[in-house]
Amino acid sequence: AIGKEAQAALVQKDYSKAKELFENARNICEASAVRATKAAKSVRKTNSGGENLSAVIQCSATLQDDADREIILPPPGSEGHLFAKHKANLPPFAQNYAINTSARMAEHLSITGGKWQTRFPPEPNGYLHIGHAKAMHFDFGVASKFGGNTYLRFDDTNPTAEKQEYIDSIISSVSWLGHRPFKVTYSSDYFCQLHELAVKLIKIGKAYVCHQAKAEVAASRQLLKGFQLHCARNNIFRQDAPLPSGAESPYRHRSVEENLRLFEEMSKGVWEEGSCSLRLKGDLRSDITSMWDLTAYRIKFQEHPHSMDAYCIYPTYDYTHCLVDSIENVTHSLCTLEFETRQAPNGPYYWLLHTLDMYKPVTWEFSRCNITFNVLSKRKLNILVTQGYVSGWDDPRLLTLEGLRRRGYTPTAINRFCLELGVTRNDNTQHLEKLERCIREELDDDADRRFAVLNPLPITITNHPGGSLPVECPSHPKFLGRGTRVLNFTSTVFIEHEDFRAVDDPTFYGLAPGKTVRLLFGYNITCIGLQKDAAGAIVSLEATYDLDSLGSKPPKGTLHWAGSDFIPGEVRVYDKLFSVEVPGKRLMPGIENDEIVDQLEDGGVDWLSQLNPRSLVVHQKALLEPLILDVAGAALTSRFQLQRLGYFTIDKDSNVQKPVLNRIVTLKESKELVALKNTDSKQFR
């Protein structure tokens, strides 16, 4: 109904009303637990020779279960596996290298027994983030669905960026999400085999040692781009056109003997770092730029976290990735879309396997996971960590898995988020609210209720009889079977500063002079006086309580509160890390905030300038319900709702002497919570 009304407003050119209605519809959809469904479609593929492949790829967007959400991949040993990759409209001169020979397929199946085998291959140069959780969910999920295996393989080919700390964290995060690898392997486990294959490539004339500097390589690639453009504009067949002078490396036609000698010298540390590299002799006329003589090996005098100091030359990702996929007999190599051209049937992934006569896995690419108000680039995350904008890789404001874990997210909530995202090839940015909804809905049922006051304002109850009056509170209002706990209504109680106003307002539900409110699960109190300091700030209140009000119908306002036996603690209230939905992109003048205009990264907004200055507010003088002390020394073991404040967990900095709480997620946003997010508490980044 809202959609039809919005469409009608659009037709009538009432754009402001249409926008408001569409935004309301979007908010309803995002908050709904009902999942969208879409009819499946089938696409029959043919190979480069025009032959029909028997496997029909069915793409389903139905969000009901794993089977509906996944792309249906060709099973091991099928014709769709034999023809590992298909692409329509290959250039006329291009070869499809992604076709397995019968001998290699038979060899592969004899080793795997026809089992599905996938891999999750993180580079240990940082901590995993929510995007990796999505990739894991797909990689492990595909294999698990068909009773197969998944490798956890560390792509450890760059020792300058890799640390044992990252390896340990990755293993911990994979396990935390509930994934169980078939084997844990390292690309460095295969360095000897990779070196032997490089020697083989030299011997068959498909690799050479090059002494060009980075600037010279870049210049030659610019010439090749100009050549491509010239041929396209003038309708020239590239394969027949001569390459421009300087497009080829001057070392490309060295003899096999000289290349073997130089590569051996590289291996022995004779040459200085950066002085030479081993490059693949690809196709300089290809429309895939990654076929333009990629680097296979480079010199790095750096100790490796796994192989230590055994090598001084290291293979590149482009060289290693496909070879180790083949060596480990991976059936389905699933990657994000930035690898699509590399894994094209006429790209370097399959060219290299074809040249070495090796088994070829199926490759399939899917969109990355981008989330509003965050960055997921490892380079940007590294800047945030190393330059002190956050406290570390596990800072709860980051969407690293360690950060989410410390903040209080659960594996089930993260896996549910990944499940609901599904796997598509459509590049998109997901709303942070979708992730928050997954944990909020889980905790709504699972988390017991507790009280805390973050910014305490003391109230003296002038007619209190002394001692304490017991107030029974349910542990969870929806599940009374979980029991109750008793809070003490003492002669001094505390409410939030923001829940009191010296001048009342009809829209205000808090306390004011002469006004009566209910203390949640407790008594009605009426404000009869207030005290101010020399600067005019309110420092305390006086009130009376109604002995007969316990259990009666409450007045207009109901407030959470603390007794004088509550314990002091620190509460860290986390909010969005960035103040804009897409950091680094400019909002142009005259354009609505939700109409983000893309900018080149170097020509757009400085993304660091868009950090939210209130992404973390620390309440160091909060008062906590005494029961919280029971779990104050056990980080991340308990999650609870602080009533009216949100869902919280115990931070790793917490102890019984000084409890420290992290806010996991807010309750459903309400106007009365806005004030609590803008308190005058200590703030640090």
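Residues numbered from 1 in each chain as written. Predicted model: local features only at pLDDT ≥ 70, side-chain atom pairs only at ≥ 80, totals over all residues. Heavy atoms only, no water.

Right, let's get into the overall build of the chain. Helix and strand counts for the chain come out as 17 helices and 30 strands. When each of the 685 residues of the chain is scored for burial, the buried share is 50%. In the chain, the share of contacts with a sequence separation of at least 24, taken over all contacts with a separation of at least 6, comes to 71%. Here the chain has roughly 31000 Å² of accessible surface; of this, 51% comes from carbon and sulfur atoms. (Helix = DSSP H or I, 4+ residues; strand = E, 2+ residues; numbered from the N terminus. Buried < 20%, exposed > 50% of the residue type's maximum accessible area, 1.4 Å probe, protein only. Contact = heavy atoms within 4.5 Å. Areas by Shrake-Rupley, 256 points an atom, 1.4 Å probe, with all protein chains shown as cover.)

What follows is about the pattern of salt bridges. With the rule as written, the count across this model stands at 36 salt bridges. Two residues, E265 and R261, come together in a salt bridge whose shortest N-O distance is 3.2 Å. Linking E265 with R261, this pair stays in helix α10 (residues 256-267), spanning four residues, or about one helical turn. A relative accessible area of 41% places R261 in the partly exposed class. Salt bridges sharing common partners tie together D394, R406, E570, R572, D651, K652, D653 and K658. (Salt bridge = Lys/Arg side-chain N within 4 Å of Asp/Glu carboxyl O.)

The next subject is helix α6 (residues 130-145). Spanning 16 residues, α6 covers 22 Å between terminal C-alpha atoms, matching the ideal 22 Å at 1.5 Å per step. The buried count for α6 comes to 13 of 16 residues, which makes it a mostly enclosed element. One or two positions beyond α6, positive phi appears at G147, with a value near 70 degrees. (Expected span 1.5 Å × (residues − 1).)

On to the state of the cysteines. Counted under the stated rule, the structure contains zero disulfides. Among the cysteines around C210, which has no disulfide bond, C276 carries the closest sulfur, lying 8.9 Å off. Looking at C312, it has no disulfide partner, and the nearest cysteine sulfur is the one in C276, 10.0 Å off. (Disulfide = S-S within 2.5 Å.)

Turning to the pairing of strand β20 (residues 516-519), a few remarks are in order. The pairing of β20 with strand β21 (residues 524-532) spans three bridges and is classified as antiparallel. Paired with V517 across the two strands is I525, which belongs to β21. The antiparallel hairpin formed by β20 and β21 contains four residues in its connecting segment, where F521 sits at a positive phi of about 65 degrees. Bridge analysis of β20 against strand β23 (residues 558-559) gives two bridges, and the strand direction is parallel. (Pairing = 2+ DSSP bridges.)

Let us look at the sheet that holds strand β3 (residues 117-120). Sheets are built from strands that pair by backbone hydrogen bonding, the pairs being arranged parallel or antiparallel. Spatial ordering of the open sheet is given by β3-β4-β5, a layout of three strands whose pairing is parallel. Of all the strands in the sheet, the pair left with one neighbour each is β3 and β5 (183-186). Strand-to-strand twist across the sheet, computed as the mean angle between neighbouring axes with direction ignored, equals 30 degrees. The pairing of β3 with strand β4 (residues 149-154) spans four bridges and is classified as parallel. Opposite T118, over in β4, you have T150 as the bridge partner. Packed onto the sheet, α6 meets β3 and β4 and runs at close to 165 degrees relative to β3. (Axes fitted to C-alpha atoms, helices over the stretch in contact; angles between N-to-C directions.)

Our next topic: unusual backbone geometry. You will see that N235, though not glycine, has its phi angle at about 55 degrees, which is positive. Turning to its location among the elements, N235 is positioned in the loop between α9 (214-233) and α10. For N235, a relative accessible area of 72% gives the class exposed. Residue F373 is not a glycine yet carries a positive backbone phi of 65 degrees.

To continue, consider the nonpolar core. Core analysis: the biggest nonpolar cluster contains 46 residues, and I130 and I414 have the highest contact counts within it. Every element with two or more residues in this core is listed here: α6, β4, α7 (164-176), β11 (362-366), α14 (401-407), α15 (411-421), α16 (432-446) and β29 (660-665). When residues in this core are grouped by element, the largest group, seven residues, is from α6. Look past the residues within four positions of I414 in its chain and what remains in contact with it is I130, A133, W176, L177, L401, L404 and Y409. (Core = buried A, V, L, I, M, F, W, Y, C linked by side-chain atoms within 4.5 Å.)

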